[in-house]
Amino acid sequence: GFQAVEWAIIYPAKIKNLLLIACNARVSPWATAFNESQRMALCSDPTFTKQSSVEGGREGLKGARSIALLSYRSYDGYNITQKEEEINTLFAQKACSYQHYQGEKLALRFNSYSYYTLTKCIDSHNCGRGRGGVERALSQIEANSVVVGIESDVLFPIKEQIEMAKMIDGAKFYRITSSYGHDGFLLESEQTKAIIKTILKS
């Protein structure tokens, strides 16, 4: 989404159609706080500072991933997928197990230093930098634009997409109804498909 915004501003004559889903024009302090918390988790791992080690920071990466998951999903989403079936359970272990599983899964296939760098890249996102601000930057977009927000997205709240659509000349706004937060753009494929079909038909 960030890259698509940039390309549409840099190459207004080349980008004819633009579909932005669950992103914004400038990273929010809220999203940056999530990213900083993830970096804190990475840096708390003593092996992360050993730059020569490709394996360094794996435990920190697990913690960082766990924090990130909370921003990708939502309260309702967790209550649907991680609900305890046993009515007399003492501790809510299903959600704990899920966080550990996802952390371990990422740590086995991703590099902690790359992850750290990606969070910094996200924090640098500001399409208005050097262009007189976000509103002026978005006004340069000439593409047939559609902006889509997800109602339960806590990472990129839907109001950010509504504001972005207002700043892009002629942009249409659509919403996805989902209990799965930011990940709704992946999980609500039927709604996404319906929006794309509408765009293609027009």
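Below, the structure is looked at part by part. Being a predicted model, the structure only gives us computed values, none of them experimental.

### So, the overall build of the protein chain
- Scanning the protein chain for helices and strands turns up 10 helices and three strands.
- Mapped from its N terminus to its C terminus, the protein chain presents α and β elements in the order α-β-α-α-α-α-α-α-β-α-β-α-α.
- Principal-axis analysis of the C-alpha atoms gives the protein chain an extent of 55 × 45 × 25 Å.
- Within the protein chain, the proportion of its 202 residues that are buried is 42%.
- Of the contacts made within the protein chain by residues no fewer than 6 positions apart, 70% connect residues no fewer than 24 positions apart.
- Carbon together with sulfur atoms contributes 57% to the accessible area of the protein chain, which is approximately 11600 Å² in total.
- Seen as two clouds, the 24 positive and the 21 negative side-chain charges of the protein chain have centres 6 Å apart.

### Focus on the side chain of Ser 152
- Tracing the backbone through its elements, the reader meets Ser 152 in the loop between strand S2 (144–150) and helix H8 (158–167).
- Given the relative accessible area of 17%, Ser 152 is considered buried.
- Dropping the residues within four chain positions of it, Ser 152 is found in contact with Ser 74, Ser 178, Ser 179, Tyr 180 and Gly 181.

### A look at the sheet that holds strand S3 (residues 172–176)
- Here we have three strands laid out as an open sheet, ordered S1-S2-S3, and parallel in their pairing. One side of each edge strand has no neighbouring strand; the edge strands of this open sheet are strand S1 (17–21) and S3. Strand-to-strand twist of the sheet, defined as the mean angle between neighbouring strand axes without regard to direction, takes the value 20°.
- Inspection of the sheet shows S1 paired to S2 by five bridges, in the parallel sense. Within S2, the residue paired with Ile 21 across the bridge is Val 148.
- Those strands touched by helix H10 (residues 189–201) are S1, S2 and S3, and its axis lies near 160° from that of S3.

### Here's the deal with the pairing of S3
- The pairing of S2 with S3 spans five bridges and is parallel. In the sheet register, Gly 149 faces S3, and the bridge partner there is Arg 175.
- Assessed by its sense of winding, the connection that carries the chain from S2 through H8 to S3 is right-handed.

### A look at the nonpolar core
- One finds Leu 20, Cys 127, Leu 138, Ile 141, Met 164 and Ile 168 to be the most contacted residues of the largest nonpolar core, which totals 25 residues.
- At the level of elements, helix H1 (2–10), S1, helix H2 (29–43), helix H7 (134–138) and H8 are the ones that each hand at least two residues to this core.
- Considering every element that reaches this core, the biggest residue donor is H1, with five residues.
- If we ignore the near neighbours within four places in the chain, the residues touching Ile 141 are Ala 8, Ile 9, Leu 18 and Ile 168.

### Topic: empty space enclosed by the protein
- Inspection of the entire model under this criterion finds one cavity of 30 Å³ or more.
- Roughly 40 Å³ of internal volume is contained in the largest cavity.
- Elements that contribute at least two residues to the lining of the largest cavity include exactly S2, S3 and H10.
- Residue composition of the lining of the largest cavity, grouped by class: three nonpolar, three polar and one charged.

### A short note on the layout of surface pockets
- A volume near 670 Å³ is recorded for the largest pocket.
- Phe 2, Tyr 72, Ile 122, Phe 156 and His 182 are the residues nearest the centre of the largest pocket, which is lined by 26 residues in total.
- Counting only elements with at least two residues in the lining of the largest pocket, the list comes to H1, H2, helix H3 (58–72), helix H6 (112–123) and helix H9 (184–187).
- If one sorts the elements of the lining of the largest pocket by residue count, H6 sits on top with five residues.

Each value, and the rule that gives it
Residues numbered from 1 in each chain as written. Predicted model: local features only at pLDDT ≥ 70, side-chain atom pairs only at ≥ 80, totals over all residues. Heavy atoms only, no water. Helix = DSSP H or I, 4+ residues; strand = E, 2+ residues; numbered from the N terminus. Buried < 20%, exposed > 50% of the residue type's maximum accessible area, 1.4 Å probe, protein only. Contact = heavy atoms within 4.5 Å. Areas by Shrake-Rupley, 256 points an atom, 1.4 Å probe, with all protein chains shown as cover. Lys, Arg positive; Asp, Glu negative; His and termini not counted. Charge placed at Lys NZ, Arg CZ, Asp CG, Glu CD. Pairing = 2+ DSSP bridges. Axes fitted to C-alpha atoms, helices over the stretch in contact; angles between N-to-C directions. Right-handed = clockwise from strand over helix to strand, strands pointing away. Core = buried A, V, L, I, M, F, W, Y, C linked by side-chain atoms within 4.5 Å. 1 Å grid on protein atoms, 1.4 Å probe; cavity = no way out; pocket = protein on both sides within 12 Å on 5 of 7 lines; lining within 4 Å. Points joined across faces, edges and corners; volume = space filled by probe spheres on them. Nonpolar A, V, L, I, M, F, W, Y, C, P; charged D, E, K, R; others polar.

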